[in-house]
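Remarks on the overall topology
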Amino acid sequence: MPEITLIEGVNLALKEKMAENENVVVLGQDVGLDGGIFRATIGLIEEFGADRVIDTPLAEAGIIGMAVGMAMNGLIPIPEMQFSGFSYTAFHQIENHVARYHWRTRGQIPMPMVIRMPYGAGVRAFELHSESREAYWAHTPGLKVVIPSTPRKARALLRAAIEHPDPVVFYEPKAIYRAFRENVSDEPETMEIGKAEVVREGRHITMIAYGAMMPRTLEAARMLADEGIEAEVIDLMTVSPLDEETIIESVRRTGRALVVHEAPRSFGPAAEIIARLNDKIFFELEAPVARVTGYDMPPPFFAREQWFLPSPTRIADEARETLKL
Amino acid sequence: MPRRIIERPRGIEYLSILDEKGRVDKKLEPDIPEETLKAIHRLMVFARLFDERTLQLQRQGRIGTFAPIKGQEAAQVASVLRLREQDWFVPSFRETAAQIHRGLTPQDVWLFYAGYREGVRVPEHDLPLCVPVGSQCQHAVGIAYASKLKKRDEVTMVFHGDGATSEGDFHEAMNFAGVFHLPVVFVCQNNQWAISLPRERQTASKTIAQKAIAYGFGGIQVDGNDPLAVWVAAGEAVERARSESEPTLIECVTYRLAVHTTADDPKRYRSDEEVKEWEKKDPIPRFEKYLKAKGVMSDKDFAAVREEIREELKTAWKETEQVIRELEATRPDVIFDAIHAETPPELAEQRAYFLRRLEREGGRHA
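Worth saying up front: this structure is predicted, and the values here are computed from it rather than measured. (Residues numbered from 1 in each chain as written. Chains lettered and ligands numbered in written order. Predicted model: local features only at pLDDT ≥ 70, side-chain atom pairs only at ≥ 80, totals over all residues. Heavy atoms only, no water.)

**A few points about the pattern of salt bridges**
All names here are of chain A. Quick reminder of the rule: One speaks of a salt bridge when a side-chain nitrogen belonging to Lys or Arg is within 4 Å of a carboxyl oxygen belonging to Asp or Glu. Only DSSP runs of H or I reaching four residues or more are called helices, and only runs of E reaching two or more are called strands; each is numbered from the N terminus. For every residue, the accessible area (1.4 Å probe, protein chains only) is compared with the maximum for its type, and the residue is labelled buried under 20%, exposed over 50%, or partly exposed between those bounds.
Under the definition given, this model contains 58 salt bridges over all chains. One salt bridge connects E230 with R203, and the closest N-O pair in it is separated by 3.1 Å. Taken together, the positions of E230 in the loop between α8 (213-226) and β11 (231-235) and R203 in the loop between β9 (197-200) and β10 (205-209) put the pair 27 residues apart, joining distant regions of the chain. Accessibility expressed as a relative area gives 35% for E230, which makes it partly exposed. Under the relative-accessibility criterion, R203 is labelled exposed at 54%.

Listed below in structure tokens is the structure:
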């Protein structure tokens, strides 16, 4: 298999799963003829037809609501929200039904579904096209939240999400959709949901990130390495449920941790990770766990969005601060 | 007991006065003062040239993604010109011409598309551009309710597209407008395409105008590329809102001649032939034929108007570049401005942290 981009990884997983299982359907705005505005669904309509690759009218709540019904009646729907910022219109269907049907019916009506949405700032888009609100979905009991950070992971995690029995919010880091390429296997690869990965080993501090913040965090780790600081880097991959085991095992060794996300700081995913570390290994920590995040504001209009996003410099600085303690 | 028809919905009218060849239906022709005819013309041409210039700026990387209005000038110009200053104007995101009429400057629009919140200047009784499709319709209803409650002589005109008519927000707004008998005019710019989705896949109803019937008020479909038809329909709707406090839905049948936004490639979903067919229905040439036949303006006048607008835009961009330089020199903690009326303590703390970092990094991105 040639090297592919992250968006091509998404496309590949969709193609593979649609070919493997005729119950898998894709629906959303511009997903058919246009191939998706980011081209995530390109080629699907030609291969699987307009009945399974469904161009819907413009209605996010309608798309999710219809997917709920499809899941009830034997299909595995993969609805696309064109931008995560547009999913707010569908919030009530996701919160009220996608996340609760399994619970409401004591498992009699499961909700196998993957809600795909590109998220995040850094693409010079206008308002509501740069949102990072994974905490909403992680806060909703009944949902899983998966965020890939590389082409290979996008393919393998999306495959896993489609096979997963519960509804998964698949949050795609659009800022790195085409940022780099990666080799993927010819054989279908699937990664486990709920598992994080140590992507760089180190002994001084554990840096935890996911999605579009991964390249920046790894860059910070390289900057620190030049100074002799060995940072371990964890790619969460699944934000909810958290892979406590991998996080705790690492932080136990390093004694220090820092969490990075571009979502606003207050009540963000970092707060949850820090709480878990305090719960489980408080007395093994050498310093308070740091967080490097977006600020408590909507992503700024794009001329100033880079001032909002955690930069490698800022991440490295905060790591150094933690190491001083 | 019997099965019988209990309601025969009112019909849906179609209105066209000036056709694409420039022929006028004399019986329907409105009596528009010469100065107003010239104003309609100037604003349509302004919008077209502004669009072209903005597209150039986008291609040169001076501004970001931009939603052109090319082809839809008549639908928004001839309708918004029916509003008085005290009336409310509620745009979606493709109403640059109407926004400019209501008091935005090219500079405001360019700053917005160049990614500065400073470009969101809101003239009184206007709302800014609205990104979530159709959501502004509900705000128009609330504004109209307040006008009615306070017995203010105000009409609210809200713009949306064919795509918005699939959103729940649109239907909820229409329903509220009908239930509360509100002085609101819904102007649908049916430009045939919601990105790649054609109008016939957006709704199975024959017209968009007929959706008003279900909500208990009137709808009309007009040739949206005919400024005279739009002028007449909008005038009637505004008058109905003002004197009877009743809403109206106007469906302007028009066409998006350009891209959805500059990030879009329409060749993937529609044919060049279709676009060429609609280019023949362009509102500007037909209106110029009309003005010439009426003796209101000549070719020389048209050229002079274009020249004047081009000069105006040239100066405006020069000034905008200067403003952008100033904004770039502004301390970037302006991103913390005006998020709340009362800033929460943690946000003040975040701003202080931001400023400490800024100082440490010597003003660089960090």
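Next comes the rest of the write-up.
**Some remarks on the layout of surface pockets**
In this approach a probe as big as a water molecule rolls over the atoms, and the regions it shows empty are the leftover space. Selection criterion: Cavities and pockets were defined on a 1 Å grid built over protein atoms only: a cavity is a set of grid points that admits a 1.4 Å probe from which the probe cannot escape, a pocket is an open set flanked by protein on both sides within 12 Å along at least five of seven lines, and lining residues are those with an atom within 4 Å of any such point. Grid points are joined across faces, edges and corners, and a volume is the space filled by probe spheres set on the points. For every domain, the bounds stem from an assignment made automatically or drawn from a database.
Quantified by volume, the second largest pocket comes out at close to 640 Å³. If you trace the second largest pocket, you find 33 residues lining it, with E127 and F301 of chain A together with F112, R117 and V120 of chain B closest to the centre. Element by element, the count of residues in the lining of the second largest pocket is highest for helix α4 (residues 106-113) of chain B, at four residues. Counting residues domain by domain, the lining of the second largest pocket receives three or more from each of domain 1 (6-176) and domain 2 (197-324) of chain A.

**Observations regarding the packing of aromatic side chains**
The cut-off we apply is this: Two rings from Phe, Tyr or Trp (for Trp, the six-membered ring) form a pair when their centres sit within 6.5 Å of each other. Planes less than 30 degrees apart are called stacked, planes more than 60 degrees apart edge-to-face, and all others tilted. A positively charged side chain is recorded as over a ring if its NZ (Lys) or CZ (Arg) lies within 6 Å of the ring centre. The angle to the ring normal must also be within 35 degrees.
The full count for this structure, using the stated rule, is 28 aromatic pairs over all chains. Ring geometry for F176 of chain B versus F180 of chain B: centroids 6.0 Å apart, planes at 75 degrees, classification edge-to-face. Given the relative accessible area of 36%, F180 of chain B is considered partly exposed. Here the aromatic rings of W193 of chain B and Y269 of chain B are separated by 5.3 Å at their centres, their planes lie at 40 degrees, and the arrangement is tilted. Of this pair, W193 of chain B sits in strand β5 (residues 193-194) while Y269 of chain B is found in the loop between β8 (248-253) and α10 (272-279), placing the two residues 76 residues apart along the sequence. The same class applies to W193 of chain B and to Y269 of chain B, which are both buried. Within the aromatic cluster, the residues linked to one another by ring pairs are F126 and F301 of chain A together with F66, F112 and Y113 of chain B. Over the face of the ring belonging to Y101 of chain A we find R104 of chain A, whose NZ or CZ atom lies 4.8 Å from the ring centre. The positively charged end of K281 of chain B is found above the aromatic ring belonging to W278 of chain B, 4.2 Å away from the centroid.

**A few points about helix α3 (residues 60-72) of chain A**
Residue and element names in this part refer to chain A. For clarity, the cut-off: Helices are assigned an expected span. That span is 1.5 Å times one less than the residue count. It is the directions from the helix axis to the C-beta atoms whose arc is reported. Contacts: residue pairs with any heavy atoms within 4.5 Å of one another.
For α3, which comprises 13 residues, the first-to-last C-alpha distance of 19 Å matches the rise-based estimate of 18 Å (1.5 Å per residue) to within 8%. For α3, the full list of buried residues reads E60, I63, I64, A67, V68, M70 and A71. The buried residues of α3 occupy an angular sector of 165 degrees when projected down its axis, which confines them to one face. In the core, the buried residues of α3 are packed alongside β2 (24-28), β3 (53-55), β4 (76-80), α4 (91-98), α5 (101-104) and β5 (114-119). Of the residues one or two after α3, G74 is the one with positive phi, at around 95 degrees.

**Let's talk about unusual backbone geometry**
For the peptide bond that leads from S240 of chain A to P241 of chain A, omega is 0 degrees, which places it in the cis range. Of note in the backbone geometry, A338 of chain B takes a positive phi value of approximately 55 degrees without being a glycine. Topologically, A338 of chain B is positioned in the loop between α12 (299-329) and α13 (345-360).

**Quick notes on the nonpolar core**
What counts, and what does not: The criterion is simple. A nonpolar core is a set of buried Ala, Val, Leu, Ile, Met, Phe, Trp, Tyr and Cys residues joined through side-chain atoms within 4.5 Å.
Counting residues in each nonpolar core, the largest one holds 79 residues, and the members touching the most others are Y113, M157, V185, V222, I250, F287 and L291 of chain B. By size, the runner-up hydrophobic cluster in this structure holds 78 residues, among which are I76, I115, L143 and A212 of chain A.

**Some points on the domain arrangement of chain A**
Residues and elements named next belong to chain A. We apply this condition: What counts as buried area is the accessible surface, traced by a 1.4 Å probe, that two parts surrender upon association, with contributions from both included. Distance and chemistry together define a polar contact, namely a pair of N or O atoms within 3.5 Å, with one atom able to donate a hydrogen and the other to accept it when in protein, and with adjacent residues in sequence counting only for side-chain atoms on both sides.
Here chain A is partitioned into domain 1 (6-176) and domain 2 (197-324). When each unit is reduced to the centre of its C-alpha atoms, the spacing between domain 1 and domain 2 is 27 Å. Each side of the interface is counted separately: domain 1 has 27 residues, and domain 2 has 28 residues. Both faces considered, domain 1 and domain 2 share a buried interface measuring about 2,000 Å² in area, 60% of it formed by carbon and sulfur atoms. When the buried surface of domain 1 facing domain 2 is broken down by residue, R124, I147 and K153 rank first, second and third, together holding 21% of it. Taken together, the connections running from domain 1 to domain 2 amount to two salt bridges. Put simply, domain 1 and domain 2 have eleven residue pairs in polar contact (both at pLDDT 80 or more) between them.

**A few points about the interface of chain A and chain B**
Counting residues at the interface gives 40 residues for chain A and 48 residues for chain B. With both sides pooled, the region where chain A packs onto chain B buries about 3,800 Å², and carbon together with sulfur makes up 60% of that total. Looking only at chain A, the three residues that lose the most surface to chain B are F126, R304 and W307 of chain A, adding up to 22% of its buried area. Connecting chain A to chain B are four salt bridges. For R304 of chain A, the salt bridge goes to E118 of chain B, with nearest N and O atoms at 3.1 Å. Scanning the region where chain A abuts chain B turns up twelve residue pairs in polar contact (both at pLDDT 80 or more).

**Here we look at the pairing of β10 of chain A**
All names here are of chain A. The criterion, for reference: We treat two strands as partners when DSSP finds at least two bridges between them. Handedness rule for crossovers: strands pointing away from the viewer, path from the first strand over the helix to the second running clockwise, crossover right-handed.
For β10, a buried count of five out of five residues is recorded, marking the element as mostly surrounded by other parts of the structure. Residues I205, M207 and A209 of β10 are buried on one face, and the alternating residues T206 and I208, pointing to the opposite face, are buried as well. Direction of pairing for β10 relative to β11: parallel, over a ladder of five bridges. If you follow M207 over to β11, its bridge partner there is V233. Each parallel crossover has a hand, and for β10 linked through α8 to β11 it is right-handed.

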